[in-house]
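# Close look at the chain arrangement
Each chain is listed here by its residues.
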Amino acid sequence: SIFQQAVKGVKVREATCLGRLTSQCAVSGLEHLLDMSFQLTRVVRMAHILTGLLLLLASTTFAADWELAREDKTRDIRVYVRDVTDSSYQGFYSVTRVKAPLPSVVAVLSDVPAMPQWITRMIGVKLLRREGDREAWVHAHYRLPYPFLDREAVLHSQLQQDPKSGVVTIVTRSVPGMVPASRDRRVRLREMHSTWKLTPEKDGVVRIEFWGQGQPDGYVPALLFNYNLPDEPLQTLRNLRQMLTRAKYLGAPSSSALTR
């Protein structure tokens, strides 16, 4: 009948329209997916660019802040210096690598009576107090060249170790009190701090970083102080490397201060 033919025509047109709509939706969906993929690619590329820029800025900042002042290529020692805010006296950063067990390096750094044998300018030291194997207070005596007076300081050291990486950090700061002012014309160091960082690396190598800063107190011209500053950590690391060849340290058992 005419009515049936009309209904059939409507169904055909609906089916045709639905097919076109489905096709258009598929094309639209594909275009949307392609656009998302393109946008994601742009984001990834931008992330790589930003990462590279950040690394470049970090290296530039380090180069701008720290200046290589001394280097001992034979012993793989480098010493850097930089200006310190609100001070005429510079700070230092030094680094070396040694083929030695981590407990051996810790044993040398923790051996209070032996400190004058390798720490530059230290000619005497006395253990004042110790709390376990991680914390100690010492009274140190330093000899300066003529005409400057000797220095002394009460130093508090604290050891920590990261349980996952095994990195050992020893922070030392001068503290007031505990020892009366010296009567033999020594100058007390009141603003002095330093840090040792020991990082275990592959093949039994330990990366040793040593940095610090402070005020010499008394009268020491900043120009003279800054000129000689790099020599102090340079010689200290040379001496430390030599200490690590001694049998008493090479065979040192792991300290209870170490967690791994």
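Up top you'll find the structure we're talking about.
Residues numbered from 1 in each chain as written. Predicted model: local features only at pLDDT ≥ 70, side-chain atom pairs only at ≥ 80, totals over all residues. Heavy atoms only, no water.

For the rest of this paragraph, the subject is helix H4 (residues 231–243). End to end, H4 covers 18 Å across 13 residues, agreeing with the expected 18 Å (1.5 Å per residue, within 8%). Within H4, burial applies to Glu232, Pro233, Leu234, Thr236, Leu237, Leu240 and Met243. (Helix = DSSP H or I, 4+ residues; strand = E, 2+ residues; numbered from the N terminus. Expected span 1.5 Å × (residues − 1). Buried < 20%, exposed > 50% of the residue type's maximum accessible area, 1.4 Å probe, protein only.)

Membership of the largest hydrophobic core comes to 41 residues, with the highest contact counts inside it found for Trp196, Leu198 and Ile208. When residues of this core are assigned to their parent elements, the largest contribution, five residues, is made by helix H2 (residues 102–110). Apart from residues no more than four positions distant in its own chain, Ile208 is found in contact with Ser94, Val95, Thr96, Val98, Val105, Trp196, Lys197, Leu198, Leu237 and Leu240. (Core = buried A, V, L, I, M, F, W, Y, C linked by side-chain atoms within 4.5 Å. Contact = heavy atoms within 4.5 Å.)

Right, let's get into the side chain of Gln161. Within the secondary structure layout, Gln161 lies in strand S6 (residues 151–161). Within the structure, Gln161 has its side chain in polar contact with the backbone oxygen of Gly166 (distance 3.0 Å). (Polar contact = N/O pair within 3.5 Å; in protein donor to acceptor, adjacent residues only side chain to side chain.)

One pass over the full model with this rule turns up 12 salt bridges. Its salt-bridge partner being Arg75, residue Asp72 comes within 2.7 Å of it at the nearest N-O pair. The exposure class assigned to Arg75 is partly exposed, which follows from its relative accessible area of 38%. A salt bridge links Arg186 to Glu152; its shortest N-O distance comes to 3.7 Å. With Arg186 in the loop between strand S7 (168–174) and strand S8 (187–188) and Glu152 in strand S6, the pair connects residues that are 34 residues apart, well separated along the chain. By relative accessible area, which is 24% here, Arg186 ends up partly exposed. Given the relative accessible area of 2%, Glu152 is considered buried. (Salt bridge = Lys/Arg side-chain N within 4 Å of Asp/Glu carboxyl O.)

In short, the description is geometric, and any link to function would need to be established separately.
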